[in-house]
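Each chain, letter by letter, is given below.
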Amino acid sequence: MSGLDDSLLIRGGRVLTLDDTDREWASADIVVEGRSAVVKGVPKLSAAPVMATDLRASASLILAGMAAEGQTVISRIYHLDRGYDNIEQKLSALGADIRRV
C-alpha cells in the first residue's frame, strides 16, 4: 500500500499541467485550477520507465520507485549527482534494492 489514496492540494507556481495522456499514465485523478491542483492518488504504485528532469524530481522518482510494485528505471540521473553524494549506497544501507545500470 503506497498511501497515495488520499487527496492532496498543491498550491503555488510549480504545479505542472498534465494533459489527458499524462493523467491516464499516472493513474491519478488530477484537477488543475489556476495555480492550484487537487490530486487524488491511487492505492498502489506500479513500476514504469521514468525520466528525471531536475534534482528534486530525481529524488521523488527514487522514492516512488521504491514504493512501486516491480522494477522502475530512471533515466537522466545525472541530476542526482549534483545534490546527493552516493545516494544509492546510502539507500542500500537502509535496505533499498537500488543500483546504477
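Placed above this text is the structure.
First, a word on scope: everything that follows refers to the structure included in this document. It should be emphasised that the depicted structure is a prediction, and the values quoted were computed from it without experimental measurement. (Residues numbered from 1 in each chain as written. Predicted model: local features only at pLDDT ≥ 70, side-chain atom pairs only at ≥ 80, totals over all residues. Heavy atoms only, no water.)

1. Comments concerning the environment of Asp54
Heads up, the rule is: Here a helix means four or more residues in a row that DSSP labels H or I, a strand means two or more in a row labelled E, and each is numbered from the N terminus. Here a polar contact is recorded for every N or O atom pair within 3.5 Å, except that within protein the pair must consist of a potential hydrogen donor and a potential acceptor, and residues adjacent in sequence are included only if both atoms are side-chain atoms.
On the secondary structure map, Asp54 appears in the loop between strand 4 (49–51) and helix 2 (55–67). In this structure the C-alpha to C-alpha distance between Asp54 and Arg82, which are 28 residues apart in sequence, comes to 9.6 Å. Polar side-chain contacts of Asp54 include one of 2.7 Å to the backbone nitrogen of Ala57.

2. Section: unusual backbone geometry
Our working rule: Buried residues are those whose accessible area, probed at 1.4 Å on protein chains only, stays under 20% of the maximum for their type, while exposed residues exceed 50% and partly exposed ones sit between those limits.
Phi at Arg76 takes a positive value of approximately 60°, unusual for a residue other than glycine. Along the polypeptide, Arg76 turns up in the loop between strand 5 (73–75) and helix 3 (78–83). Taking the relative accessible area as the measure of exposure, Arg76 reaches 36% and is therefore partly exposed. Residue Asn86 is not a glycine yet carries a positive backbone phi of 55°. Its location among the elements puts Asn86 in the loop between helix 3 and helix 4 (87–93). On the basis of relative accessible area, Asn86 is assigned to the partly exposed category, the value being 35%.

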